[in-house]
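Listed below are the residues making up each chain.
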Amino acid sequence: MSMIAEVAADPRKDLIGLTRDELAAELARLGAAPFRARQLWHWLYHRGATDFAAMTTLAKDFRAELDRHYRVGRPTVAVAQTSSDGTRKWLLRFGDGQEAECVHIPEEDRGTLCVSSQVGCTLNCRFCHTGTQLLVRNLGAGEIVGQIMLARDQLGEWPSPQEDRQLTNIVLMGMGEPLYNYENVAKAIKIATDGEGLSVSKRKITLSTAGVVPMIRQCGAELGVNLAISLHATNDELRDELVPLNKKYKLAELLQACRDYPGAHNARRITFEYVMLKGINDSPAEARELVRLLAGIPAKVNLIPFNAWPGAPYECSSDAAIREFSDIVFAAGYSAPVRTPRGRDILAACGQLKSDSIRKRRSERPMDAALTP
Ligand code: SAH
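First, a word on scope: everything that follows refers to the structure included in this document. (Residues numbered from 1 in each chain as written. Predicted model: local features only at pLDDT ≥ 70, side-chain atom pairs only at ≥ 80, totals over all residues. Heavy atoms only, no water.)

1. Things to note about the sheet that holds strand β11 (residues 226-230)
Read across the sheet, nine strands follow the order β3-β4-β5-β6-β9-β10-β11-β12-β13 without closing on themselves; strand pairing throughout is mixed. The open sheet is flanked by β3 (76-82) and β13 (299-305), the only strands paired with a single partner. The mean inter-strand angle of the sheet, taken between neighbouring strand axes irrespective of direction, is 20 degrees. Direction of pairing for strand β9 (residues 169-172) relative to strand β10 (residues 205-209): parallel, over a ladder of three bridges. Counted as the bridge partner of L172 is L207 from β10. (Pairing = 2+ DSSP bridges. Helix = DSSP H or I, 4+ residues; strand = E, 2+ residues; numbered from the N terminus. Axes fitted to C-alpha atoms, helices over the stretch in contact; angles between N-to-C directions.)

Now the structure itself:
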């Protein structure tokens, strides 16, 4: 029997991905007192335990009972790659055999984990590799938070360290559109930010969206994480082409949602991502237009040199064009760093993530409608 079949065949319920309340409710069904849920939470999310037998503050019989009913899930690492620059990419396989990628980017003073929210993506942005992948499904809350836990396993970061972490920041910038999987993403963020568990600060989490306007409002009201917008164009005509979601939510609406985003002030700016495509969106006039559009929004601009992938219809702007664009935005008072491509040699850079999950039968294809709110 293959590994995948074994995982899929495990009928026990996965505890990872349950909120504190849900965990307490599960334990109440076993007749356990509420403080047991707190102890279990500590083992799962602070200590990173995956084996009930190791949870020594719990009675032996209770551990055995837990083991009969539940499991502590982790995605399986199907492929692990390390770039010459230290970036690590894991192709993760979930219980049903579907796969998604997760990337760890070490820097001098921090380490960022780029987390996926879906297998594939429904958006079809013209310059993005993930958008060429056919099969799409939402990741569950446990599969999203499971990426953080898997990274902690791989980095040897248990129990959750208080300082000198290799994993300090989380960006929801992997495969998928997080705001088309809001419920699961919200749950995963809630679990990740719990101070008695993974203990990642909200201020260190950034959610990137192509611009699902109504959900930006909900995200702002409920989650309070940093926001990044994949802008990429300064007029609707071009943005309709590059980011087809723009046909549904136009630039003016999107920028208004940014103006209204709570907590967006000078200390906590909204990041505008702008991929640099040669001859498409990289002129000085567009840089000036970008500045005009951002007026009144506490913003910073992140220029992303286009990362090519096999068959991509674009080229990356020249260094000179990127520098000139950046200088114009900077002169207008916005920080406009150029995002250093990381892990390009292992296709781990922005827009290069793709798994080989393919749709097998038409009947298994999830309807796009089921993935949108
Ligand atoms: N769906 C979300 C999350 C993906 S984030 C979003 O669109 O924001 C991934 C970021 O990388 C986005 O800003 C995306 O537009 C950008 N990107 C996609 N393909 C790219 C490529 N080939 N080169 C550089 N950046 C790319």
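2. Concerning the packing of helix α5 (residues 141-155) against helix α6 (residues 182-193)
Two numbers describe how α5 lies on α6: the axes approach to 8 Å, and their chain directions differ by 40 degrees. Taken together, the axes of α5 and α6 lie oblique to each other. α5 and α6 meet at a crossing whose hand is right-handed. Contacts from A141, I144, V145 and I148 in α5 reach N184, V185, K187, A188, I191 and A192 in α6. For the contact of α5 with α6, a count of residues per class yields eight nonpolar, one polar and one charged. (Parallel < 35°, antiparallel > 145°, perpendicular 65-115°, else oblique. Left-handed = near helix turned anticlockwise from the far one by under 90°. Contact = heavy atoms within 4.5 Å. Nonpolar A, V, L, I, M, F, W, Y, C, P; charged D, E, K, R; others polar.)

3. As for the pairing of β11
Burial analysis of β11 places five of its five residues in the buried class, the great majority of the element. Burial along β11 is two-sided: N226, A228 and S230 facing one way and L227 and I229 facing the other are all buried. Where the polypeptide runs from β10 across helix α7 (residues 213-222) and back to β11, its parallel neighbour, the crossover connection is right-handed. (Buried < 20%, exposed > 50% of the residue type's maximum accessible area, 1.4 Å probe, protein only. Right-handed = clockwise from strand over helix to strand, strands pointing away.)

4. Observations regarding the site of the ligand
The environment of the ligand is made up of 21 residues, and the closest members are S208, S230, H232, N307 and G351. A distance of 2.9 Å is found between a nitrogen atom of the ligand and a backbone nitrogen or oxygen belonging to F127. A distance of 2.8 Å separates a nitrogen atom of the ligand from a polar backbone atom of N307. Mapped onto the shell around the ligand, the elements with two or more residues apiece are β10, β12 (270-276) and β13. (Near = heavy atom within 4 Å. Polar contact = N/O pair within 3.5 Å; in protein donor to acceptor, adjacent residues only side chain to side chain.)

5. Here's the deal with the environment of I229
Structurally, the position occupied by I229 is in strand β11. Exposure remark for I229: the relative accessible area of 0% places this residue in the buried category. Along the chain, I229 and I270 lie 41 residues apart, while their C-alpha atoms are 7.5 Å from each other. Sequence-distant contacts of I229, that is, excluding residues within four places in its chain, are made with T209, I216, L254, C258, I270, T271, F272 and E273.

6. So, α6
Taking 1.5 Å of rise per residue, twelve residues should cover 16 Å, and α6 covers 16 Å from first to last C-alpha, within 8% of that figure. Among the residues of α6, those classed as buried are Y182, V185, A186, A188, I189, I191 and A192. Looking at the buried residues of α6, the elements they touch are α3 (34-47), α5, β9, β10 and α7. (Expected span 1.5 Å × (residues − 1).)

7. A short note on the side chain of R165
Structurally, R165 is set in the loop between α5 and β9. No salt bridge forms around the buried R165; measuring N to O, its nearest opposite-charge neighbour E157 is 5.9 Å away. Separated by 2.6 Å, the side chain of R165 and the backbone oxygen of P161 make a polar contact. Aside from chain neighbours lying at most four places away, what touches R165 is R152, E157, S160, L198, S199 and V200. (Lys, Arg positive; Asp, Glu negative; His and termini not counted. Salt bridge = Lys/Arg side-chain N within 4 Å of Asp/Glu carboxyl O.)

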